[in-house]
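These are the residues of each chain, in order.
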Amino acid sequence: MRASWRTAMVCVALAALAVSTSGVATGAVPAGTFVTVVSENPDNLNPYLHGLLASSTVYRFVFDSLYTLDWTGQWKPGLATSYAVSPDGKTWTFNLRPGVRWSDGQPFTSTDVKYTWQFATDPDINVTYATGFDKIASVDTPTPTRVVYHLTEPFAPFKDEVAGAAILPHHIFATMSAAQINRAPFNQRPVGTGPFVVTEFATDDHVTLSANPLYWGPKPQLRRIVIRIVPDQNTQVNLMKAGDLSLLAGIPPARLDEVRRTPGAVMKRFLAPVYELIQLDEYGFLKDAAVRQALDFATPKASIIKNIMKGQAEPAVSDMVPNGPWANKSLTPRPFDLGRARALLQQDGFRPGPGGILTKNGRRLEIPLWALSSQQTDAETMELIAQSWRALGVATDARTASAAALFGQNGPQWNGKDAALIFSWGQGIFPENKINWSSAYIPKDANAPGENGERYSNPEMDRLLAEAERTVDDAKRHAIYDRIQAREHEDVPVIFLFWFMNNTAVAANVRGYDVSTFGETPPEGWSTR
Amino acid sequence: MTAYVARRAAQAVVLLVAVSFVSYAIMSAAPGGPLAVYLHNPEVTPDKIDLLRHQLGLDRPWYARYVAWLGGLAEGHWGYSYYTGRPVLDMIGERLPATLTLMAAAFTLALGLSFPIGLYAATHKYRWGDNLLSFGSFFAWAMPTFWFGLMLQLLFGVQLRLLPVAGMHEIGVTSAGDLLRHLVMPAMVLGLGSIASWSRYLRSSLLDTLNQDYVRTAHAKGLPDSRVLRRHVLRNSLMPIVTLMGLDLPALFSGAVVTESIFGWPGMGRLFLSALNNRDYPLQMAGLMISAALLIAGNLLADLAYAALDPRIRYQ
């Protein structure tokens, strides 16, 4: 028996060795293939129906819009070649690119453009992403290559929200009911006009996109793009180090040095249009702008950027990305100054009470801090801020919770008490921020949605936001957004902490790839040797 | 025997309905909900969220949704995922083979390693080999799964380049050899806890049996050591291990959640983890029901194995 055990063990060991050394060596990405990774299984590849960011990482290769904002921040013609706006800002006419075909061979026409509006506004379709389409009164299609949008009122964000939105194929959906559309195979295998087509979707494993031979633009250099689905961020870094990836975006600051040392990897560093903030829920003392300003003074932003973000962030002063066209350059963040914070609160009537806690009219200044449990850096940021606020004399408990618990019903936002929530946010590179600051977006109850969770309300802000939306003239619009940002800085509806720096590693054999705050170079120009 | 199994199966159905009711109630009472993902997304407007709430039937009370869900289940419909719009059963079917492969590999590995380790440790009590294995077992038990997985990746995937870091196949390759190469590390990580605990239980159970009178008698009869060990000691020491194996079945399933996430293994564990994060109720319920069913099945299997191992046990 001893001998048979031994023989068995030797066999197992040999088998393991054979398995581990057979086949191709790991870490080889074949030429003409570009491999990248996302954390979640893309839920739905229809741009109007998806819920997860991972989905847009896939479908952006498949669909086109009338106009596209390129990676330098310039608008470029896509499915349209030119456009004109009427002087009253209510009629937008687009001339479409002739000869474009869908990846299934059908011709692309103005009918598809009109249908996309009907799709986006159909109340029976489970649409998640569609803003601006409700401002459209009607769409005319005088010829197959001409589309005329008639708006209900002048609407400045039209280009960002509608002209920049994906166009869907009418011929696929024409005979489907809304219920069928919600569950269509199209949602996993979409038909688009873009440079790549989804040719394989292995759930939770990878999505393969192949070059679209019918693409209207320059012929794609790559044969295929493979998007692997790997949930763990550390595993993603290990994949990059093993040479299994062409591209890894959003490397966690803690592993940045390690990835930098990977042979051949080129690092791209850019400001992501996403900022970290503290939402101040205005119930009691937080209704008072002086208290909010004092808390801003008492928040050690520079220290957070240096010690927690390891320098991979830039100070924030408003909700417009600092290297973008909409940032108000005259504003500077409040410095960290506990003395000024204390003076502001003293002027406001606060006096130190038992235990050094500030009190006013017999009530203690109590502001609990909350952060997302899934974000390690958020929790660390919270601890640092809590220490500083306590030093000021604020009674501050620090707690973490899941996103569902933090933002959903019964969460800390709904308990009717002052609270401060740390998370990240951003309307991207576009300026439209009405849903954040308008009093019309204050949630009415725990079940009613509303993005103005801080319950900030200022009639002047409401007026400016409405005016910005109606002002089509670019220079005037810029001036209004400057005033909106000055208002944000004065009123402190939220404390702006910092903008995230995105670190992306690109493999040595990749050509033609670059990335900025505004986006990536067109994928048809990427190649791998 | 047949009557016994039938009775246990009937009890299981009642138990599962009770489990489903409690789970559904707790799930609905928890803060947040399926739309919280959208609430925290700057690009989804409030009116869209309101519309979605209505379309998904989330504006109905939870007990009404539960009754509808249970009614559907009785007819064989597991419902549709809130996020993909696809039938829950299809989504599970896609991932089932990957999870079963991983669980079977981990189970086989645990079986293949824990027995020799347990036997060696018991027959070399308190010698350095036994002490080393004891230390190793406790170390393996105490080690966080995710950390062990990442360390294996760094060693075998990044440094030595012997094994793939993650995934189930190289892109475009479907051979069995490729699958085995990808299986080595995740199966090791998933099976490690079982190897550690089974070998410890086997050791102590063997030590108990080794002190029995009938073992001494067998030796006195002049039987060779290997025969005593196999026939008299091992067989009589199996009872606690079999119970443990039955109970480890659902543990392997839930352990697969972490292992699959670390190794990008396209199985059910990840599916249910994301369902939990996104509060995709239909998927979440399917995951809970499957793990509850596995727990009940594992117990039943252990009970049945008792009878096979110990002729004194009779089921009525």
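Residues numbered from 1 in each chain as written. Chains lettered and ligands numbered in written order. Predicted model: local features only at pLDDT ≥ 70, side-chain atom pairs only at ≥ 80, totals over all residues.

### Thoughts on the overall build of chain B
What chain B contains, in helices and strands, is twelve helices and zero strands. Secondary structure elements in chain B, listed N-terminal to C-terminal, are α-α-α-α-α-α-α-α-α-α-α-α. Oriented by its inertia axes, the alpha-carbon framework of chain B measures out at about 85 × 60 × 35 Å. Per-residue burial for chain B yields a buried fraction of 36% across its 316 residues. A separation of at least 24 residues holds for 71% of the contacts in chain B among residues at least 6 apart in sequence. (Helix = DSSP H or I, 4+ residues; strand = E, 2+ residues; numbered from the N terminus. Buried ≥ 20, exposed ≤ 12 C-beta atoms within 10 Å, placed from the backbone. Contact = placed C-beta atoms within 7 Å.)

### Some points on the overall build of chain A
A count of helical and extended segments in chain A gives 16 helices and 24 strands. Each principal axis of the C-alpha distribution contributes one length, and for chain A these read about 85 × 75 × 40 Å. In chain A, the share of contacts with a sequence separation of at least 24, taken over all contacts with a separation of at least 6, comes to 67%.

### Re the sheet that holds strand β8 (residues 196-202) of chain A
All names here are of chain A. An order of β1-β10-β9-β8 is seen for the four strands of this open sheet, with the pairing classed as mixed. In this open sheet, the two strands that pair with only one neighbour each are β1 (33-38) and β8. For this sheet, the mean inter-axis angle between neighbouring strands, taken without regard to orientation, is 20°. (Pairing = 2+ DSSP bridges. Axes fitted to C-alpha atoms, helices over the stretch in contact; angles between N-to-C directions.)

### Describing the environment of Asn 433 of chain A
Residue and element names in this part refer to chain A. Summarising the element assignment, Asn 433 is placed in the loop between β19 (419-425) and α14 (434-437). Taking the C-alpha atoms as reference points, Asn 433 and Ala 294, separated by 139 residues in sequence, lie 24 Å from one another. If sequence neighbours within four positions are ignored, Asn 433 has contacts with Asp 319 and Gln 427.

### Concerning the sheet that holds strand β14 (residues 351-352) of chain A
Residue and element names in this part refer to chain A. Pairing in this open sheet of three strands is antiparallel, and the strands run β14-β15-β16 from one edge to the other. Looking at strand neighbours, the two that pair on one side only are β14 and β16 (363-364), the edges of this open sheet. By the bridge criterion, two bridges tie strand β15 (residues 358-360) to β16 in an arrangement that is antiparallel. Looking at β16, one finds that Thr 359 is bridged to Arg 364.

### Focus on helix α12 (residues 376-392) of chain A
All names here are of chain A. Relative to the 24 Å expected for 17 residues at 1.5 Å per residue, α12 spans 25 Å between its end C-alpha atoms, a close match to the ideal helical length. If you check which residues of α12 are buried, you get Thr 377, Thr 381, Met 382, Ile 385, Ala 386, Ser 388, Trp 389 and Leu 392. In this structure, the buried residues of α12 make contact with α9 (289-297), α10 (301-308), α11 (338-347), β17 (369-372), β18 (398-401) and β19. In the stretch just after α12, Gly 393 is the one whose phi turns positive, near 110°. (Expected span 1.5 Å × (residues − 1).)

### A closer look at the pairing of strand β9 (residues 206-211) of chain A
All names here are of chain A. Pairing of β8 with β9 involves six bridges; the strand directions are antiparallel. Within β9, the position partnered with Ala 202 by the bridge is His 206. Connecting the antiparallel pair β8 and β9 is a turn made up of three residues, with Asp 204 showing a positive phi of about 60°. As judged from the five bridges shared by β9 and strand β10 (residues 224-229), these two strands associate in the antiparallel manner. Considered in β10, the bridge of His 206 is made with Arg 228.

### Digging into the confidence of the model for chain B
The predicted model of chain B has a mean per-residue pLDDT of 88, with 97% of residues at 70 or higher. Interface confidence for the predicted complex, expressed as ipTM, amounts to 0.82; the pTM equals 0.84. (pLDDT = per-residue confidence, 0-100.)

### Here we look at the nonpolar core
Grouped together as the largest cluster of nonpolar side chains are 197 residues, with contacts concentrated most on Ile 278 and Ile 495 of chain A. The greatest single-element share of this core, amounting to 13 residues, is contributed by helix α5 (residues 88-123) of chain B. Setting aside residues up to four positions removed in sequence, Ile 495 of chain A forms contacts with Leu 277, Ile 278, Leu 280, Leu 295, Asp 296 and Thr 299 of chain A. (Core = buried A, V, L, I, M, F, W, Y, C linked by C-beta atoms within 7 Å.)

### Some points on the packing of α5 of chain B against helix α10 (residues 225-262) of chain B
Residue and element names in this part refer to chain B. With their axes 10 Å apart at the nearest point, α5 and α10 run at an angle of 115° to one another. Taken as a pair, α5 and α10 cross one another with a handedness that is right-handed. Contacts between α5 and α10 involve Thr 99, Leu 102, Met 103, Ala 106 and Phe 107 from the first element and Leu 252, Phe 253 and Ala 256 from the second. Classifying every residue of the contact of α5 with α10 by side-chain character gives seven nonpolar, one polar and no charged. (Left-handed = near helix turned anticlockwise from the far one by under 90°. Nonpolar A, V, L, I, M, F, W, Y, C, P; charged D, E, K, R; others polar.)

### Some details on the packing of α9 of chain A against α11 of chain A
All names here are of chain A. Where α9 meets α11, the axes come as close as 8 Å, and the angle between the chain directions of the two elements is 165°. It follows that α9 is roughly antiparallel to α11 by the angle criterion. As for how α9 packs across α11, the hand of that crossing is left-handed. For the pair α9 and α11, the contacting residues are Ala 290, Val 291, Gln 293, Ala 294 and Phe 297 in the first and Arg 340, Ala 341, Leu 344 and Leu 345 in the second. (Parallel < 35°, antiparallel > 145°, perpendicular 65-115°, else oblique.)

### Remarks on the environment of Ser 254 of chain B
Considering the arrangement of structural elements, one finds Ser 254 of chain B in helix α10. Considered as a pair, Ser 254 of chain B and Gly 287 of chain B are 33 residues apart in the sequence and their alpha carbons are 9.9 Å apart.

### Considerations on the pairing of β10 of chain A
All names here are of chain A. The buried fraction of β10 amounts to six of the six residues, a majority that puts the element mostly inside the structure. The alternating pattern of β10 places Arg 224, Val 226 and Arg 228 and Ile 225, Ile 227 and Ile 229 on opposite faces, both of which are buried. In terms of strand pairing, β1 meets β10 through six bridges, oriented parallel. Paired with Val 35 across the strands is Val 226, a residue of β10.

### What about helix α7 (residues 145-159) of chain B?
Owing to its 3.6 residues per turn, the α-helix brings residues three or four apart onto one side. Here α7 of chain B spans 20 Å end to end across 15 residues, near enough to the 21 Å set by a 1.5 Å rise per residue. At Gln 153 of chain B, α7 of chain B shows its largest bend, some 25°. Considered for burial, the residues of α7 of chain B that qualify are Gly 149, Leu 150, Leu 152, Gln 153, Phe 156, Gly 157 and Val 158 of chain B. Buried-residue contacts for α7 of chain B involve α7 (233-241) of chain A together with α8 (176-210) and α10 of chain B. Following α7 of chain B by one or two positions, Arg 161 of chain B has its phi on the positive side, about 55°. (Bend = angle between axes of the 7 residues up to and from the residue.)

### Remarks on the confidence of the model for chain A
Residues and elements named next belong to chain A. For chain A, per-residue confidence averages 90 on the pLDDT scale, and 93% of positions sit at 70 or higher. Considering only residues more than four positions removed or in separate chains, one finds that residues 8-14, a stretch of pLDDT under 50, has zero contacts. The model gives residues 16-26 a pLDDT under 50, and that stretch makes 21 contacts with residues more than four places away or in other chains.

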